[in-house]
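Residues per chain are reported as follows:
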Amino acid sequence: MTTVGVLGAGSWGTALAVHAAAVGCDVRLWARCPELVRRMREERRNAAYLRQRELPAAIRPTAEMEELADAELVFAVVPSHGYRDVVRRYLGAGRGRPSVLVSATKGIETESLSRMSEISREEAAAADRPLRFAVLSGPTFAAELVAGVPSAAVVASDDEDLAGRLGELLSNPVLRLYSSSDVVGVELGGATKNVIAIGAGIVSGLGLGHNTLAALITRGLHEITRLGVSCGGRPRTFSGLAGLGDLVLTCTGELSRNRQTGVALAEGKTMEQIQAGTSMVAEGIRNAVAVTRLARRVGVEMPITEQMVAVMYEAKPPREAVEELMTRELKSEAEL
């Protein structure tokens, strides 16, 4: 039995803990809030984020980071803006043994524009801790995974042997994990699709129909690919599960928090109202700014992303943003 730690008891962290237990692992599920931990222990379910699934006996909720110190494998499943602090605390609580850390966070740090792999290496070096890193991403809703809906995702690492071993350990008939060595592409695919999904929600919320939605998803994939390739990702990654697959799910699925944000914007709600109405994090809200800054740094044009920033942070009317996108100068479709 492998001991697995999960940093973050939101919906996706809880779903990964349930899945790890299902493939035979002993799981320590860490939450920042002691009250949430108490309730999970007593009720054997995460009523705050994923109430529909009972927690298996192999899952031990904890608010003590030290209980994950001996885990052979640790998932970091926290919002991107809190990732550095949580990973730093985890590494500080360890005992010097080599760690396998798998990021299931889809985002970019706003201040540094660092990906989670870069943050993990920086913090491991600062803590003088050996670290093996991988990233897990793909089209997976937490509620569907714990309901047993067949799903597929990608696990990527510079260490191809590690990616393959993780895939073998964590795959079962419910979740199939494909391996990759393109960490940059997998990370950026997961971070940028959330911003496009807010645009998809706006399109749906305005009642503009499937034609418009299909156009936005397709042109959004061009934006994601342009940025990813410019940062060192491989083009083929963005036509796979961590690119196109995750983009389609997040842009069309009713469970998508980023899509729901766009729908609410189209209905006239303010960002303050949207964020006050949920404890869930829509990563695309913060990452729209980070992605825009990163694109400017590497000289990549991302018009959909820029319009989402204008709608969310500059009070631009959503319909006006869509109209501007539809009246841009024409160019060859093959042009990246």
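As a starting point, this report considers the structure included with it. Along every chain, residues carry numbers that run from 1 in the direction the sequence is written. The predicted nature of this model means local features are confined to residues of pLDDT at least 70 and side-chain atom pairs, given and counted, to a pLDDT of 80 or more, with totals for whole chains, interfaces and linings taken over all residues. Remark: hydrogens and water are excluded; side-chain values derive from all non-hydrogen atoms of the structure.

## Regarding the overall build of the protein
The helix and strand tally for the protein stands at 14 helices and 10 strands. With respect to the principal axes defined by its C-alpha atoms, the protein has extents near 55 × 40 × 35 Å. Taken across its 336 residues, the protein has 56% of its residues classed as buried. Within the protein, residue pairs in contact and separated by at least 24 positions form 71% of the contacts whose partners lie at least 6 positions apart. In these tables, accessible area is a Shrake-Rupley quantity obtained with a 1.4 Å probe, and a residue counts as shielded only by the protein chains included in the view. For the protein, the accessible area works out to roughly 14500 Å², and carbon and sulfur atoms hold 50% of it. The positive charge centre, built from 38 side chains, and the negative charge centre, built from 40, are 3 Å apart in the protein. Helix and strand definitions follow DSSP, with helices as H or I runs of at least four residues and strands as E runs of at least two, each counted in order from the N terminus. Exposure classes here rest on a 1.4 Å probe applied to the protein chains alone. A residue is buried below 20% of its type maximum, exposed above 50%, and partly exposed in between. The criterion used for residue contact is that any of the two residues' heavy atoms lie within 4.5 Å. Counting rule for charge: Lys and Arg are taken as positive, Asp and Glu as negative, and neither His nor the chain ends is counted. The atom standing in for a charge is NZ when the residue is Lys, CZ when it is Arg, CG when it is Asp and CD when it is Glu.

## Let's talk about the packing of helix 13 (residues 303-313) against helix 14 (residues 318-326)
One way to put it is that helix 13 packs onto helix 14 with a least axis distance of 10 Å and a crossing angle of 160°. In terms of orientation, helix 13 lies roughly antiparallel with respect to helix 14. Relative to helix 14, helix 13 is oriented so that their crossing is right-handed. Where helix 13 approaches helix 14, its residues Pro303, Ile304, Gln307 and Val311 are matched on the opposing element by Pro318, Ala321, Glu324 and Leu325. Gly counts as polar in this scheme, as do all residues outside two lists: the nonpolar Ala, Val, Leu, Ile, Met, Phe, Trp, Tyr, Cys and Pro, and the charged Asp, Glu, Lys and Arg. Broken down by class, the residue content of the contact of helix 13 with helix 14 amounts to 6 nonpolar, 1 polar and 1 charged. What counts as an axis is a line fitted to C-alpha atoms, over the stretch in contact for a helix, and the angles between N-to-C directions run from 0 to 180 degrees. Any angle that falls under 35 degrees is termed roughly parallel, while one over 145 is termed roughly antiparallel, one within 65 to 115 roughly perpendicular, and all others oblique. Each helix crossing is assigned a hand: it is left-handed if the near helix lies turned anticlockwise from the far helix by less than a right angle, otherwise right-handed if that turn is clockwise.

## Considering the nonpolar core
Counting 38 residues, the largest nonpolar core has Trp12, Phe75 and Leu136 as the members making the most contacts within it. Tallying contributions element by element places helix 1 (residues 11-22) first for this core, with 7 residues. Here Leu136 is in contact with Trp12, Leu16, Phe75, Val102, Ser103, Ala104, Ala153, Val154, Val155 and Leu177, once residues within four sequence places are set aside. Ala282, Ala290, Leu294 and Val322 belong to the second-largest nonpolar core, a separate cluster that totals 30 residues. Joining through side-chain atoms within 4.5 Å is the link that ties buried Ala, Val, Leu, Ile, Met, Phe, Trp, Tyr and Cys residues into a set, and such a set is a nonpolar core.

## Focus: helix 4 (residues 116-127)
A rise of 1.5 Å per residue sets the reference length of helix 4, with its 12 residues, at 16 Å; its end C-alpha atoms lie 16 Å apart and thus fit the reference within 8%. Regarding helix 4, the residues found buried are Met116, Ser117, Ile119, Ser120, Glu123 and Ala124. Mapping the buried residues of helix 4 onto a view down its axis gives an arc of 160°, with all of them on the same face. In helix 4, the exposed residues that point more than 90 degrees away from the buried face are Ala125 and Ala126. Buried residues along helix 4 sit in contact with helix 3 (80-93), strand 7 (99-103), strand 8 (131-137) and helix 7 (183-205). What a helix should span is 1.5 Å times the count of its residues minus one. Relevant arc is that of directions from the helix axis to the C-beta atoms, nothing else.

## Description of the pattern of salt bridges
Basic side-chain nitrogens of Lys or Arg form a salt bridge, by our definition, when they fall within 4 Å of a carboxyl oxygen of Asp or Glu. The tally for this structure, following the rule as stated, stands at 20 salt bridges. In this structure, Arg38 engages Glu42 in a salt bridge whose closest nitrogen and oxygen atoms are separated by 2.8 Å. Highlighted residues: Arg38 and Glu42, both in helix 2 (residues 34-43), separated by 4 residues, approximately one helical turn. Measuring nitrogen to oxygen at the nearest pair gives 2.8 Å for the salt bridge that ties Glu123 to Arg88. Of this pair, Glu123 sits in helix 4 while Arg88 sits in helix 3, and the two are 35 residues apart along the sequence. Judged by relative accessible area, Glu123 falls into the buried class, the value being 7%. Connected via shared salt-bridge partners are Arg84, Arg88, Glu109, Glu122 and Glu123.

## Some thoughts on the packing of helix 7 against helix 12 (residues 283-298)
Between helix 7 and helix 12, the least distance of the axes is 8 Å, while the angle of their chain directions is 115°. As far as their axial angle goes, helix 12 and helix 7 are roughly perpendicular. Seen along the crossing, helix 7 lies across helix 12 with a hand that is left-handed. Within the contact between the two elements, helix 7 uses Leu188, Ala191, Thr192, Asn194, Val195 and Ile198 and helix 12 uses Glu283, Gly284, Ile285, Asn287, Ala288, Val291 and Leu294. Split into classes, the residues belonging to the contact of helix 7 with helix 12 amount to 8 nonpolar, 4 polar and 1 charged.

## Focus: the sheet that holds strand 7
Read from one edge to the other, the open sheet built from 8 strands follows the order 5-2-1-6-7-8-9-10, with strand pairing classed as mixed. At either end of the open sheet lies a strand with only one pairing partner, and these are strand 5 (59-62) and strand 10 (175-180). Each strand axis lies, on average, 25° off the axis of its neighbour in the sheet, ignoring direction. As paired elements, strand 8 and strand 9 (residues 151-156) share 3 bridges and run antiparallel to each other. Each bridged residue has a counterpart across the sheet, and for Leu136 the counterpart in strand 9 is Val155. Running at roughly 160° to strand 8, helix 4 makes contact with strand 7 and strand 8 of the sheet. Helix 7 contacts strand 8, strand 9 and strand 10 of the sheet and is inclined by roughly 45° relative to strand 8. Each pair of strands is called paired provided DSSP finds at least two bridges between the two strands.

## Considering the packing of aromatic side chains
Geometrically, a pair of aromatic rings is defined through the distance of the ring centres and the angle of the planes. Note on ring pairs: Phe, Tyr and Trp rings are taken, using the six-membered ring of Trp, and paired if centres are within 6.5 Å. Classes follow the plane angle, with under 30 degrees stacked, over 60 edge-to-face and the rest tilted. Tallied over the full model, the rule gives 0 aromatic pairs. Any Lys NZ or Arg CZ found within 6 Å of a ring centre and within 35 degrees of that ring's normal is scored as a charge over the ring. Directly above the aromatic system of Tyr90 lies the positively charged group of Arg129, at a separation of 6.0 Å from the ring centroid.

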